[in-house]
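# Descriptive structure summary
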Amino acid sequence: MDFKSHIRVIPDFPQPGIRFKDITTLLKDGQAYRAAIEAIKQQVAPLEIDVVAGPEARGFVIGAPLALALGVGFVPIRKSGKLPGPTVEAAYDLEYGKDRLAIHRDAILPGQKVLIADDLLATGGTIATTVNLIRELHGEVVGAAFLIELGYLDGRSKLPGIDVFSLVKYA
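The structure contained in this document is the topic of the report that follows. It should be emphasised that the depicted structure is a prediction, and the values quoted were computed from it without experimental measurement. (Residues numbered from 1 in each chain as written. Predicted model: local features only at pLDDT ≥ 70, side-chain atom pairs only at ≥ 80, totals over all residues. Heavy atoms only, no water.)

## Quick notes on the nonpolar core
Which entries qualify depends on this criterion: For this analysis, a nonpolar core means a set of buried residues of the types Ala, Val, Leu, Ile, Met, Phe, Trp, Tyr and Cys, connected via side-chain atoms within 4.5 Å. Note on classification: 1.4 Å probe, protein chains only; a residue is buried when its accessible area is under 20% of the maximum for its type, exposed when over 50%, partly exposed between these limits. Counting from the N terminus, the helices are the DSSP runs of H or I reaching at least four residues and the strands are the DSSP runs of E reaching at least two. Contacts are residue-level and defined by heavy atoms, with any inter-residue pair within 4.5 Å sufficient.
Counting residues in each nonpolar core, the largest one holds 26 residues, and the members touching the most others are Leu 26, Leu 115, Leu 147, Ile 148, Leu 167 and Val 168. Of all the secondary-structure elements, those providing two or more residues to this core are α2 (30-44), α3 (58-70), β7 (113-121), β8 (140-150) and β9 (164-170). Not counting residues up to four positions away in its chain, the partners in contact with Val 168 are Phe 3, Lys 4, Ile 7, Leu 147, Ile 148 and Glu 149. Val 75, Ile 77, Ile 103 and Ala 144 belong to the second-largest nonpolar core, a separate cluster that totals 25 residues.

Take a look at the structure:
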């Protein structure tokens with residue numbers, strides 16, 4: 001399936017010069033959404049995965065169904081102040097600003113093999129922060145899977161030693 005044809009590109013959003021990759025057009029098409037999750041599942045199938053972790057919010061729409069398809073649990077990585085229990089937090093730079101991510105202290109057990117899943121790999125800041133949070137809990141990041149990768153932003157360079165899987169690439 002040509003997944004790129006299901007992704008709408010919106011010019012000048014959220015600011016002039018940005019060509020935003022809108023996945024809502026893929027998500028609303030049940031057949032394309034299911035096929036995308038299945039294709040990502042096939043890419044990561046060789047990995048030994050105990051749990052999938054996904055950063056808020058679009059990481060939930062990729063990570064949760066991927067975890068279900070793989071038969072493993074899902075761990076949400078939330079914005080600061082959104083999780084009710086004790087958390088570990090870290091600040092990070094966004095493409096358009098700054099933010100903080102949090103994970104429950106008991107979300108990842110020491111030694112668990114974690115696949116990170118998100119909609120988009122851009123500059124790599126969100127995912128690098130997610131990697132650091134998982135490692136702080138002594139989890140082992142076995143890979144990172146994305147619906148889209150913006151290769152021209154070189155986010156992979158912030159993920160040394162991590163296998164990166166992308167369904168759609170924009171050079």
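So much for the structure itself; the text now carries on.
## Focus: the pairing of β9
What counts, and what does not: Pairing between two strands requires that DSSP report at least two bridges joining them.
Within β9, 6 of the 7 residues are buried, leaving the element largely enclosed by the surrounding structure. Sheet topology note: the β8/β9 ladder contains 6 bridges and is parallel. Following the sheet pairing, Phe 146 is matched in β9 by Ser 166.

## Side note on the pattern of salt bridges
Applicable threshold: The term salt bridge refers to a pairing of a side-chain nitrogen on Lys or Arg with a carboxyl oxygen on Asp or Glu at a separation within 4 Å.
Tallying each qualifying case throughout the model produces 7 salt bridges. When the shortest N-O distance is used, the salt bridge between Lys 113 and Glu 140 registers 3.1 Å. Taken together, the positions of Lys 113 in strand β7 and Glu 140 in strand β8 put the pair 27 residues apart, joining distant regions of the chain.

## Describing unusual backbone geometry
The omega angle of the peptide bond from Phe 13 to Pro 14 is 0°, so this bond is cis rather than trans. Note on placement: Pro 14 falls in the loop between β1 (8-11) and β2 (19-22). Residue Ala 57 follows Glu 56 across a cis peptide bond; omega there is -10°. Inspection of the secondary structure assignment puts Ala 57 in the loop between β3 (51-55) and α3. Non-glycine residue Asp 12 carries a positive phi angle of around 60°. Positionally, Asp 12 belongs in the loop between β1 and β2. Its identity is not glycine, yet Asp 154 carries a phi of approximately 55°, on the positive side. Relative to the helices and strands, Asp 154 resides in the loop between β8 and β9.

## Some remarks on α3
Worth spelling out the cut-off: Given the number of residues in a helix, its expected span is that number minus one, multiplied by 1.5 Å. The directions from the helix axis to the C-beta atoms form the arc being described.
With 13 residues, α3 extends 18 Å between its outermost C-alpha atoms, agreeing within 8% with the 18 Å of an ideal straight helix rising 1.5 Å per residue. Within the sequence span of α3, burial applies to Gly 59, Ile 62, Gly 63, Leu 66 and Ala 67. Along the axis of α3, the buried positions cluster into a sector of 120°, meaning they face one direction only. Contacts from the buried residues of α3 go to α2, β3, β4 (73-79), β7 and β8. Immediately beyond the C-terminal end of α3, within one or two residues, lies Gly 71, with a positive phi of roughly 75°.

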